[in-house]
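Chain and residue survey
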Amino acid sequence: MTTLLIAGGRVLRPDLTVERADVLVDREAGEILAVEPNLAADRDTEETLSAEGGLVVPGLVNAHGHGAMTLLRGYADDKPLDAWLQEDIWPVEGVLTPEDVRAGTDLALLELIRSGTTGFADMYFHVGEVAEAVDAAGLRGRLGHGVVTIGKDEEAAQADVDEGIEMAREYDETADGRVTTALMPHAPHTVGSEYLDQLATAADDLGVPIHFHLNETQEYVDAIDAETGQRPVDYADDHGLLREDTWVAHGVHLTAEEIGTLAETDTSVVHCPASNMKLASGMAPVQTLLDAGVGVGLGTDGAASNNDLDAFDEVRDAAMLGKLAADDAAAVPAEAVVEMATAGSADALGFDSGRIDVGANADLAVLDLDAAHLTPAHDLVSHLAYAVRGSDVRHTVCDGDVLMRDREVLTLDAEAVRRRAREAASAAVDRVE
Ligand SMILES: N[C@@H](CCSC[C@H]1O[C@@H](n2cnc3c(=O)[nH]cnc32)[C@H](O)[C@@H]1O)C(=O)O
Ligand SMILES: [Zn+2]
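Thresholds, definitions, all that
Residues numbered from 1 in each chain as written. Chains lettered and ligands numbered in written order. Predicted model: local features only at pLDDT ≥ 70, side-chain atom pairs only at ≥ 80, totals over all residues. Heavy atoms only, no water. Donors = N, O, S within 2.8 Å, 3.2 Å for Na, K, Ca; no water. Tetrahedral: all angles 85-135°; square planar, octahedral: opposite > 155°, others 65-115°. Buried < 20%, exposed > 50% of the residue type's maximum accessible area, 1.4 Å probe, protein only. pLDDT = per-residue confidence, 0-100. Axes fitted to C-alpha atoms, helices over the stretch in contact; angles between N-to-C directions. Helix = DSSP H or I, 4+ residues; strand = E, 2+ residues; numbered from the N terminus. Left-handed = near helix turned anticlockwise from the far one by under 90°. Contact = heavy atoms within 4.5 Å. Nonpolar A, V, L, I, M, F, W, Y, C, P; charged D, E, K, R; others polar. Pairing = 2+ DSSP bridges. 1 Å grid on protein atoms, 1.4 Å probe; cavity = no way out; pocket = protein on both sides within 12 Å on 5 of 7 lines; lining within 4 Å. Points joined across faces, edges and corners; volume = space filled by probe spheres on them. Parallel < 35°, antiparallel > 145°, perpendicular 65-115°, else oblique.

In the annotation of an unreviewed UniProt entry, the chain is listed under the name 5-methylthioadenosine/S-adenosylhomocysteine deaminase and assigned to Salinirubrum litoreum.

Rendered as structure tokens:
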């Protein structure tokens, strides 16, 4: 066994207390071996990371996004969801090559590592490229092909469903278990009902979870109502999409009955506050979801509706918007948002991560607390919720491997990644214009 020691700092524990402790990691198993004060390096210790003056936190988990949309960051802003997708985003996505998706995903992974995110969910296409990128960059990803059948003839629709199933089969449990998959119908109204049934059956066959956009805008809710006369949650439930391992994105426009059904079926909801604000989709009832016992995680959504992948921004936005939505400054407190971005998102994705504890995945980040905007330090959980930024991350570790040391990313050539993404983005835009 070889070990990695993270020494000299304070540690955020699963109960959100902070203690002085070192963290010892089994590199081969990718697991945390010990969390105790004064652990010394021994002959098994290959590497020591300094956490002096810092705080060791679980690597954040970004539970909803579209990685390669980094290529479209700043390409089209200030529009509502439907117009933005149909007029701007989908035309460019239509010309993206597998190499483009690789370049955009690499850029996303670079940004995630640099801001202390170690686990994420990705709904996109050319999933083979995404899986290879995640394997090489060293993060943990739950990946899927976003299936859309609306507006396609039967052959094309079936081909998209088949691709979703094939990708989930091919890449599940690859990259030493860091890459897992899910079946990802884009949304209840963009995938035909017979195809939803096929995907639900495939999820049983393959033993993988289901993920989709749910009740993101009033228009999305109205589309299902017009088609079926049902609320989308009932419709999704009738098609067997709501399960203990299902996680849905957004959940902005939900009735009390729908929230009850999500709780009963153990479906997790991933809140994406920045995307919801930017597209004016609405305010998710986050405190009501928490009160109902629904598992809640956090996501950035794609970089084109955010416009960055810094999960610490999302944590702060979730607390702010949660209070506004509940009209109550005590709603969605600091502890709740920190929990959502760590254990909440990890649980939603089925990762044994999101907690610094013996036996958990060694997915963690070390934050530098030595900064003007983090002074003084009355309460570090408050800082995590309201003041820390992704740029405060000093080291990032996933599965026992160091992905960033002293702000130098070790698994990606940052310069080359940015150059390739710039080139891919401008060539793609040139092809549509
Ligand atoms: N196979 C599909 C692609 C689906 S990937 C997932 C899709 O979700 C889109 N997307 C990004 N953000 C959002 C959102 O907030 N709501 C709904 N869709 C989104 C994204 O642009 C991407 O096209 C096709 O051929 O069109
Ligand atoms: Zn999305």
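Following the structure, the description resumes.
Note on the zinc ion (ligand 2): its protein donors are His64 (NE2), His66 (NE2), His213 (NE2) and Asp301 (OD). The metal-donor distances range over 2.1 to 2.3 Å. With 4 donor atoms in place around the zinc ion (ligand 2) and angles of 86 to 169° between them, the coordination shape is irregular. When the donor residues of the zinc ion (ligand 2) are listed from N- to C-terminus, their spacing reads H-x1-H-x146-H-x87-D. The two residues His64 and His66 agree in class, both being buried.

With 100% of its residues at a pLDDT of at least 70, the chain reaches an overall mean of 98. Under the prediction, the complex receives an ipTM of 0.96, its pTM being 0.98.

Next up on the list: the packing of helix 2 (residues 98-114) against helix 3 (residues 127-137). Relative orientation of the contacting elements helix 2 and helix 3 amounts to 35°, with a least axis distance of 9 Å. Relative to helix 3, the crossing made by helix 2 is right-handed. Contacts between helix 2 and helix 3 pair Pro98, Val101, Arg102, Thr105, Asp106, Leu109 and Ile113 from the former with Glu129, Val130, Glu132, Ala133, Val134, Ala136 and Ala137 from the latter. Partitioned by chemical class, the residues of the contact of helix 2 with helix 3 number 9 nonpolar, 1 polar and 4 charged.

Looking now at helix 3. Given 3.6 residues to a turn, an α-helix orients residues that are three or four positions apart in the same direction. Within helix 3, burial applies to Val127, Gly128, Val130, Ala131, Ala133, Val134 and Ala137. Where the residues of helix 3 are buried, they touch helix 2, strand 9 (117-124), strand 10 (140-147), helix 4 (154-171), strand 11 (179-181) and strand 19 (401-405).

With that settled, the discussion passes to the sheet that holds strand 13 (residues 211-214). Ordered in space as 13-14-15-16, the 4 strands form an open sheet in which the pairing is parallel. One side of each edge strand has no neighbouring strand; the edge strands of this open sheet are strand 13 and strand 16 (296-298). The average undirected angle you get between the axes of adjacent strands in this sheet is 30°. With 3 bridges joining them, strand 14 (residues 247-250) and strand 15 (residues 268-271) adopt parallel strand pairing. Its bridge partner lying in strand 15, Val248 is registered against Val269. Helix 12 (residues 334-349) contacts strand 14, strand 15 and strand 16 of the sheet and is inclined by roughly 105° relative to strand 16.

This part takes up the layout of surface pockets. Its volume calculated, the largest pocket comes out at about 540 Å³. Together, 27 residues line the largest pocket, and Trp90, Glu93, Phe125, Val148 and His186 are the ones closest to its centre. If you list the elements that add at least two residues to the lining of the largest pocket, you get helix 1 (81-93), strand 9 and strand 10. With 5 residues, the single largest contributor to the lining of the largest pocket is helix 1. Its residues assigned to classes, the lining of the largest pocket comprises 12 nonpolar, 10 polar and 5 charged. A volume near 220 Å³ is recorded for the second largest pocket. Along the wall of the second largest pocket there are 15 residues; nearest its centre are Glu244, Asp266, Ser268, Asp347 and Ala348. Broken down by element, the lining of the second largest pocket gets its largest block of residues, 4 residues, from helix 12. Here the residues of the lining of the second largest pocket sort into 4 nonpolar, 6 polar and 5 charged.

Right, let's get into the packing of helix 4 against helix 5 (residues 193-206). Closest axis-to-axis distance for the helix 4/helix 5 pair is 11 Å, and the angle between their directions is 20°. Considered as vectors, helix 4 and helix 5 are oriented roughly parallel to each other. In the crossing of helix 4 with helix 5, the sense of the turn from one axis to the other is right-handed. Along the contact surface, helix 4 presents Glu154, Ala157, Gln158, Val161, Ile165, Ala168 and Arg169, while helix 5 presents Tyr195, Gln198, Leu199, Ala202 and Leu206. Of the residues contributing to the contact of helix 4 with helix 5, the split by class is 8 nonpolar, 2 polar and 2 charged.

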